[in-house]
Amino acid sequence: MLKEFFKFILVEVIYNGHLQCMSAVGIAISSALLLNVKISWPPLVILYLSFYLIYLYNRYKEIDHDFLTNRTRSEHIRKMDKYVTSILAVNTVLVAILLSIFANLHLSLIHI
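Only a predicted model underlies this, so the values are computations on that prediction, with no experimental measurement involved.

What counts, and at which threshold
Per chain, the residues get numbers from 1 upward, laid out in the order the sequence is written. The model is predicted, so local features are restricted to residues of pLDDT at least 70 and side-chain atom pairs to those at 80 or more, both for listing and for counting; the totals for chains, interfaces and linings are taken over all residues. Hydrogens and water are ignored here; the side-chain numbers use all heavy atoms of the structure. Numbering goes from the N terminus for both helices and strands, where a helix is a DSSP run of H or I of at least four residues and a strand is a run of E of at least two. Only protein chains enter the accessibility calculation, which uses a 1.4 Å probe; a residue whose area is less than 20% of its type maximum is buried, one above 50% is exposed, and one in between is partly exposed. Contacts between residues were defined by any pair of non-hydrogen atoms, one from each residue, lying within 4.5 Å. Residues counted as positive are Lys and Arg, residues counted as negative are Asp and Glu, and His and the chain ends are not counted. All charge positions are set by atom: Lys at NZ, Arg at CZ, Asp at CG, Glu at CD. Here a salt bridge means any side-chain nitrogen of Lys or Arg lying within 4 Å of a carboxyl oxygen belonging to Asp or Glu.

(A) Summary view of the overall build of the protein chain. For the protein chain, the helix and strand inventory stands at six helices and zero strands. Starting at the N terminus, the α and β elements of the protein chain follow one another as α-α-α-α-α-α. Once the C-alpha set of the protein chain is aligned to its principal axes, its extents read approximately 45 × 30 × 30 Å. Per-residue burial over the protein chain gives 30% buried out of 112 residues. Here the contacts in the protein chain between residues at least 6 apart in sequence split such that 70% fall between residues at least 24 apart. Placing the 10 positive and 7 negative side-chain charges of the protein chain at their respective mean positions leaves the two points 5 Å apart.

Quick look at the structure:
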């Protein structure tokens, strides 16, 4: 059972957009380092969650088309079909809450 759980997590990370989301965060961190500016964790979390929302929605909506080119990813998304809309809803609400909290604190993406 533990082996199945770790296999699911690995497949989730590989096929469901998490690597791309981490890449977006990595680009933001790299840019901040190159420009010698400080960046805090809340904008990075918002960036990750926003990109995850975009990738998951896209993969969910285009699952039939994607099945022709990437069966493994499509099968993984079909396994979690009944959860996708809930994940999208929770993620959207979480991003909205985080944006409102940190916008009210006048927190910008880059602190000089």
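(B) Here's a closer look at the environment of Leu88. Note on placement: Leu88 falls in helix α6 (residues 81–104). Judged by its relative accessible area of 11%, Leu88 is buried. Sequence spacing of Leu88 and Glu4 is 84 residues, and the spatial spacing of their C-alpha atoms is 24 Å. If sequence neighbours within four positions are ignored, Leu88 has contacts with Leu53, Leu56 and Tyr57.

(C) Expanded view of the environment of Ile63. Looking at the secondary structure, you find Ile63 in helix α4 (residues 63–69). Sequence separation between Ile63 and Arg78 is 15 residues, and the spatial gap between their C-alpha atoms is 8.1 Å. In contact with Ile63, not counting residues within four places along its chain, are Ser74, Ile77 and Arg78.

(D) Seen up close, the pattern of salt bridges. Counted under the stated rule, the structure contains two salt bridges. The partner of Asp66 in a salt bridge is Arg73, and the shortest N-O contact between them spans 2.8 Å. With respect to class, Asp66 is no different from Arg73; both count as buried.

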